[in-house]
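Analysis of the macromolecular model
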Amino acid sequence: MHKSASGSTLGPGGLDLTQAFFKPITNAAPPSPTKRQYKISVIGAGNVGMAIAQTILTQDLTDELVLVDTNADKLRGEMLDLQHAAAFLPRTKIQASVDSSVTAGSDLCIVTAGARQIPGESRLNLLQRNLNLFRAIIPPLVRYSPDTTLLIVSNPVDILTYVAWKLSGLPSNRVIGSGTNLDSSRFRFLIADHLDVNAQDVQAYIVGEHGDSSVALWSSISIGGVPVLSFLENQQIAYEKETLENIHKSVVDSAYEVIRLKGYTSWAIGYSVANLARSILRDQRKIHPVSVLAKGFYGIDGEVFLSLPAQLGRGGILGVTNVHLNEEETLRLTDSAKTILEVQTQLGI
Amino acid sequence: MHKSGSSSALGPGGLDLTQAFFKSIMNAAPSSPTKRHNKISVVGAGNVGMAIAQTILTQDLTDELALVDAIPEKLRGEMLDLQHAAAFLPRTKIHASTDYAVTAGSDLCIVTAGARQINGESRLNLLQRNVTLFQKIIPPLVGHSPDTILLIVSNPVDVLSYVAWKLSGFPSNRVIGSGTNLDSSRFRFLIADHLDVNAQDVQAFIVGEHGDSSVALWSSISVGGVPVLSFLEKQEIAYEREMLEKIHKEVIQGAYEVISLKGYTSWAIGYSVANLARSILRNQRRVHPVSVLAKGFYGIDGGEVFLSLPAQLGRGGVLGVTNVHLTEEESQRLRDSANTILEVQNQLAI
């Protein structure tokens, strides 16, 4: 019997029902060792971390959920608030501690810890604050779960995923950044809303930096199987390059817009990361635009993480798709890589 | 084509793909009018309202979700933050406005608006602040959705459910308070955690006031079909009445504890209310301890009061109240709870 909740008067010294409540099975064998329980740890119990944790819980993606933060009271409050919903959810073991030993044996470690992006602050400006934090967070995490997959959400996500990779010593297929998975969802939402079609019928990727230099892959957007740019040409519908850039810009701006309006973003990133968690743990082999080690792909030479359409499964990143980029897209992607590399170099990482 | 998201360069004046993208069907008939389409409105986009809205969305309980609040920027931010997840969710129409017209035709209206309970403040102290607010909220809400079911979450929930009922002019089966649904979940969690059993196998109701005078129905608690108090007697396991009261007190303290640790509660109430929404909209006919008009049940005659009783919920709202046997002590406590609420109600000019 475990007592994970508030100190209770149920138990020794109080009301102890455990004696004789259940009769054990004689000669019971222990659970088969090949039966695995999923364990996910979320580092950082702020708005983003908690939206991710709660969505994972609601979608029944894991058997064990662990929360880690530095603020012990906040952490305990959040843990209790999730546990109190026990009557409404499938049984999930939920724990929380400031001590990262509680994360031991995690299949997936999701890192959201870090300073919140202030309105107007570009993601790159957050960097210095978060570097030191990662030096304290990543090594113990990997020590307690050497077989884990790391999923980095903290911004600026591309550089921090690189930092996490370096600090962890893990092979690059097991260090992933949430990258442009959400940007692409926002992009798909805008297009779907315009056409009054389900967003899941819109295939549209934004790749590169999760930030101002991201690249919209217009040449490969298709809706219900209809490639959009070819459609426009066949229908002889004229469009300006500027128009496409405005649409892309409104995707990049939409995160800043939400921050300006409600102070932070939480729900969308929660769904986005839960979606990645599902693909990884359940070996869905789905393609997501996420931040991966880009060296060797699309002519990129530096050791840099940025978003590319990558296939995800139980082994982490299974591969990067070979989508055709036109000249301009290739150039922009290379520029995006350079932008990130410059900052990385300035910080002497 | 509708544009509910951020202003976009997609559309007239920008890139307009809508011309010829889809070829329409000749002689198409309009949608069948009997097709079920659910619309839920959530009034109040604070921590509680948004946890409820987001859980309803994740659990795919509705086709349309409307958010209402007094602060337009916060409201729009919350709406966008949900819409941006479009690629990860079934298609749900989400809108938000400070104007109640956006709630028109709702099947269920969930009211969370109100001041947040301050650390140490009892639920009853919030009351006066919230009654005035309800006088502004309830009439337009029911004006736009005369057939809706009202689900009140704002605290103190029992008195405010009564207030909502009076202001709405609705039959009492269509006004429900979230009541002790969550307290009971906390209670079931404590017992389940102790026994290392799934909380859904623990049947345990807390009824009465959602507050300090709530009543734990110990005599009808059962775990996997085993009535707990009889079990203790048969096993000759002694227990003090005081212990039972301490456990109950711990449940009541549970909410205050979360508030003192993280500043407010959100997730648990989100799941609790989404659970009620599901029972109502999907006609699940499940029994939940929720705040209903209690007059006429369990000897509560003194006045028109709402408090939690085990009630069967379905598409028509409250379908009935179960006839669970209460011990003398439980009956007395329930009547005391009713009086506690009535005293406060009578002090207010409603």
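Bear in mind that the values here come from a model prediction, so they are computed numbers and not experimental data.

**A few points about the side chain of His288(A)**
Residues and elements named next belong to chain A. With respect to the helices, strands and loops of the structure, His288 is situated in strand 12 (residues 286–293). Since its relative accessible area comes to 3%, His288 is described here as buried. At 2.7 Å, the side chain of His288 and the side chain of Ser279 are in polar contact. Contact partners of His288, with chain neighbours within four places excluded, come to Asn181, Asn275, Leu276, Ser279, Leu308, Pro309, Ala310 and Leu312.

**Quick word on helix 4 (residues 157–168) of chain B**
All names here are of chain B. Taking 1.5 Å of rise per residue, the twelve residues of helix 4 would be expected to cover 16 Å, and the 16 Å separating its terminal C-alpha atoms lies within 8% of that figure. For helix 4, the buried fraction is high: ten of the twelve residues fall into the buried class. Of all the positions in helix 4, only Val157, Asp158, Val159, Leu160, Ser161, Tyr162, Val163, Ala164, Trp165 and Ser168 are classed as buried. Of the surrounding secondary structure, the elements contacted by the buried residues of helix 4 are helix 3 (127–144), strand 5 (149–152), strand 6 (175–177), strand 12 (286–293), strand 13 (306–314) and helix 9 (328–347). Where helix 4 terminates, the next one or two residues include Gly169, which has phi positive at roughly 70°.

**A few points about the UniProt feature "binding site: NAD(+)" (unreviewed entry) in chain A**
Residues and elements named next belong to chain A. As annotated by UniProt and renumbered to match this structure, "binding site: NAD(+)" (unreviewed entry) occupies Gly44, Ala45, Gly46, Asn47, Val48, Gly49, Asp69, Asn130, Val153, Ser154 and Asn155. Leave out the neighbours within four places in its chain, and Ala45 touches Met50, Val68, Asp69, Lys74, Leu75 and Glu78. As for its placement among the helices and strands, Asp69 is situated in the loop between strand 2 (64–68) and helix 2 (72–83). Once residues within four sequence positions are removed from consideration, Asp69 is found in contact with Gly44, Ala45, Gly46, Leu75, Ser97 and Val98. Within the local environment of Asp69, its side chain forms a polar contact with the backbone nitrogen of Ala45, the two atoms lying 2.7 Å apart.

**Things to note about the nonpolar core**
One finds Ile110(A), Leu150(A), Ile110(B) and Leu150(B) to be the most contacted residues of the largest nonpolar core, which totals 177 residues. With 28 residues, the next largest nonpolar core counts Ala86(A), Phe187(B), Val197(B) and Leu244(B) among its residues.

**Some thoughts on the sheet that holds strand 10 (residues 222–223) of chain A**
Hydrogen bonds between backbone groups are what pair the strands of a sheet, and the pairing can be parallel or antiparallel. Residue and element names in this part refer to chain A. Pairing within the open sheet is antiparallel, and its three strands lie in the order 7-10-11. Looking at strand neighbours, the two that pair on one side only are strand 7 (202–203) and strand 11 (226–227), the edges of this open sheet. Examined bridge by bridge, strand 7 and strand 10 share two bridges and lie antiparallel to one another. In the sheet register, Gln203 faces strand 10, and the bridge partner there is Ser222.

**Side note on the interface of chain B and chain A**
Taken together, the contacts link 87 residues of chain B with 87 residues of chain A. Of the roughly 8000 Å² buried where chain B meets chain A, counting both sides, 66% is carbon and sulfur surface. Along the contact surface separating chain B from chain A lie eight salt bridges. Ionic pairing is found between Asp81(A) and Lys262(B), a salt bridge with its closest N-O pair at 2.8 Å. Along the contact surface separating chain B from chain A lie 33 residue pairs in polar contact (both at pLDDT 80 or more). Secondary structure elements with two or more residues in the side of chain B that touches chain A: helix 1 (47–58), helix 2 (72–83), helix 5 (181–195), helix 6 (228–234), helix 7 (241–262) and helix 8 (267–281) of chain B. With eleven residues, the top contributor of residues to the side of chain B that touches chain A is helix 5 of chain B. For the side of chain B that touches chain A, the per-class residue count stands at 43 nonpolar, 28 polar and 16 charged.

Conventions adopted
Residues numbered from 1 in each chain as written. Chains lettered and ligands numbered in written order. Predicted model: local features only at pLDDT ≥ 70, side-chain atom pairs only at ≥ 80, totals over all residues. Heavy atoms only, no water. Helix = DSSP H or I, 4+ residues; strand = E, 2+ residues; numbered from the N terminus. Buried < 20%, exposed > 50% of the residue type's maximum accessible area, 1.4 Å probe, protein only. Polar contact = N/O pair within 3.5 Å; in protein donor to acceptor, adjacent residues only side chain to side chain. Contact = heavy atoms within 4.5 Å. Expected span 1.5 Å × (residues − 1). UniProt positions renumbered as here; feature names shortened; annotations may be inferred. Core = buried A, V, L, I, M, F, W, Y, C linked by side-chain atoms within 4.5 Å. Pairing = 2+ DSSP bridges. Buried area = accessible area lost by both parts, 1.4 Å probe. Salt bridge = Lys/Arg side-chain N within 4 Å of Asp/Glu carboxyl O. Nonpolar A, V, L, I, M, F, W, Y, C, P; charged D, E, K, R; others polar.

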